Amino acid sequence: MNDLTPSAPQTILVTGGSRGLGAAMVMDLAARGRNVCFTYLSSHSQAEQLASSSKPGQVLPVCADGRDASAIEQAVKRCVEHFGRLDGLVNNAGITQDRSALAMTAEQWHAVIDGNLHSAFHACQAVLPLFVEQGHGAIVNMASVSGLIGVPGQANYGASKAGLIGMTRSMAVEFASRGVRCNAVAPGFIDTDMTRKLNERRVAQMLERIPMRRFGNGKEVARVVAFLLSDDAAYLTGQVLAVDGGLLA
Ligand code: NAP
């Protein structure tokens, strides 16, 4: 399919869409009638299953390592070839490698900065020329409350997410006059594979700090992302929306 007509459905690229929050976003956006391309790293069967649960051709999985600038550039090309347009990017792919800063290795530091921050920068660089040329585009970066408050054992992760927030604000002011919006979502603790790795003591500590006394779910984050991508958020840029059950209130 290569539909270049202006009435073709809006198309969104979600990085790291095979599982967790990314998969919830893919499903939510597809249910809203958007075309969705998503990247993933190694979850081939989950990616295929997700694509086949939508209307044929509406969801395109692309195996692309976000840390590799040329791989993400190729993914953007495939998306535009397949759908004929690209209107939004969600930088969602991310990893944790939690450890006390006393014991954290240089590899663990670099892996998380590379996987969460450098990868988002590569994806922004891959879509921005198109967004600027067409005079519209929306970018949503998945930050975290860890980029705004201290979470023990997350020096690498917190730095990567605080970096994403800085990048979001910089790009928002740089491209606002060209019709490109850039916002961030800072989830608190959401029930996914990422948080299922936390031990019971840490879960109990976090629940104590969350005013709603529960972890969020993927749908609750996906709906906020869909709002930021939509024209309902047309006058909103450079913002960080915390979706955290009141943790930061
Ligand atoms: P998750 O369940 O661990 O899923 C991570 C996703 O990212 C997977 O689809 C994974 O692909 C993909 N991915 C990881 N590294 C990649 C790479 N180098 N290239 C391409 N894809 C890659 O994580 P999640 O909980 O859904 O988190 C999604 C985002 O929200 C992350 O940025 C995370 O930091 C942020 N966040 C999550 C929470 C939370 O409580 N869950 C809170 C705050 C922020 P594979 O399946 O192929 O591995």
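As shown above, the structure is provided for reference.
Since the model is a prediction, treat every value here as computed from it, not as a measurement.

### A word on the packing of helix α4 (residues 106-134) against helix α5 (residues 155-175)
Here's step 1: Their axes nearest at 8 Å, the elements α4 and α5 cross at an angle of 15°. One element, α4, and the other, α5, form an angle in the roughly parallel class. Here the hand of the crossing between α4 and α5 comes out right-handed. Residues Q108, W109, V112, I113, N116, L117, A120, F121, C124, L128 and V132 of α4 lie in contact with α5, whose contacting residues are A155, N156, Y157, A159, S160, K161, G163, L164, M167, M171 and F175.
Here's step 2: Its residues assigned to classes, the contact of α4 with α5 comprises 16 nonpolar, five polar and one charged.

### Quick notes on the site of the ligand
Here's step 1: Within the structure, the ligand sits among 30 residues, and S18, S42, S43, Y157 and T192 are positioned closest to it.
Here's step 2: Between an oxygen atom of the ligand and a side-chain N or O atom of S18, the distance comes to 2.7 Å.
Here's step 3: At a separation of 2.5 Å, an oxygen atom of the ligand approaches a polar backbone atom of S42.
Here's step 4: Against a free-state accessible area of 900 Å², the protein chains account for coverage of 95% of the ligand.
Here's step 5: Of all the secondary-structure elements, those providing two or more residues to the shell around the ligand are α1 (20-31), α5 and α6 (193-196).
Here's step 6: Considering every element that reaches the shell around the ligand, the biggest residue donor is α6, with three residues.
Here's step 7: Tallied by class, the residues present in the shell around the ligand amount to 12 nonpolar, 13 polar and five charged.

### Topic: the sheet that holds strand β5 (residues 137-142)
Here's step 1: Here we have seven strands laid out as an open sheet, ordered β3-β2-β1-β4-β5-β6-β7, and parallel in their pairing. What marks the edges here is a single partner per strand, and that holds for β3 (59-63) and β7 (240-243). For this sheet, the mean inter-axis angle between neighbouring strands, taken without regard to orientation, is 20°.
Here's step 2: One ladder, built from six bridges, connects β5 with strand β6 (residues 180-187); its direction is parallel. When the sheet's bridge partners are listed, V140 is paired in β6 with N183.
Here's step 3: Helix α2 (residues 44-52) contacts β2 (35-40) and β3 of the sheet and is inclined by roughly 165° relative to β3.
Here's step 4: Lying over the sheet, helix α8 (residues 218-229) contacts β1 (11-14), β4 (88-91), β5, β6 and β7, oriented at roughly 165° with respect to β6.

### Details of the packing of aromatic side chains
Here's step 1: For the coordinates displayed, the defined rule picks out two aromatic pairs.
Here's step 2: Between F38 and Y40, the ring centres sit 6.3 Å apart and the planes meet at 50°, which makes this aromatic pair tilted.
Here's step 3: On the basis of relative accessibility, which here comes to 0%, the residue F38 falls in the buried class.
Here's step 4: The exposure class of Y40 is buried, given its relative accessible area of 7%.
Here's step 5: Seen from their ring centres, F189 and F215 are 5.7 Å apart, and the 35° between their planes marks the pair as tilted. You can see F189 sitting in the loop between β6 and α6 and its partner F215 sitting in the loop between α7 (200-209) and α8, a full 26 residues away along the chain.

### A closer look at α4
Here's step 1: Its 29 residues place the ends of α4 41 Å apart at the C-alpha level, agreeing with the 42 Å of an ideal helix rising 1.5 Å per residue.
Here's step 2: Along α4, the sharpest kink reaches roughly 40°, centred on D114.
Here's step 3: Positive backbone phi, approximately 80°, marks G135, located one or two places after α4.

Quick notes on the rules
Residues numbered from 1 in each chain as written. Predicted model: local features only at pLDDT ≥ 70, side-chain atom pairs only at ≥ 80, totals over all residues. Heavy atoms only, no water. Axes fitted to C-alpha atoms, helices over the stretch in contact; angles between N-to-C directions. Helix = DSSP H or I, 4+ residues; strand = E, 2+ residues; numbered from the N terminus. Parallel < 35°, antiparallel > 145°, perpendicular 65-115°, else oblique. Left-handed = near helix turned anticlockwise from the far one by under 90°. Contact = heavy atoms within 4.5 Å. Nonpolar A, V, L, I, M, F, W, Y, C, P; charged D, E, K, R; others polar. Near = heavy atom within 4 Å. Polar contact = N/O pair within 3.5 Å; in protein donor to acceptor, adjacent residues only side chain to side chain. Areas by Shrake-Rupley, 256 points an atom, 1.4 Å probe, with all protein chains shown as cover. Pairing = 2+ DSSP bridges. Phe/Tyr/Trp six-rings, centres within 6.5 Å; stacked < 30°, edge-to-face > 60°. Buried < 20%, exposed > 50% of the residue type's maximum accessible area, 1.4 Å probe, protein only. Expected span 1.5 Å × (residues − 1). Bend = angle between axes of the 7 residues up to and from the residue.

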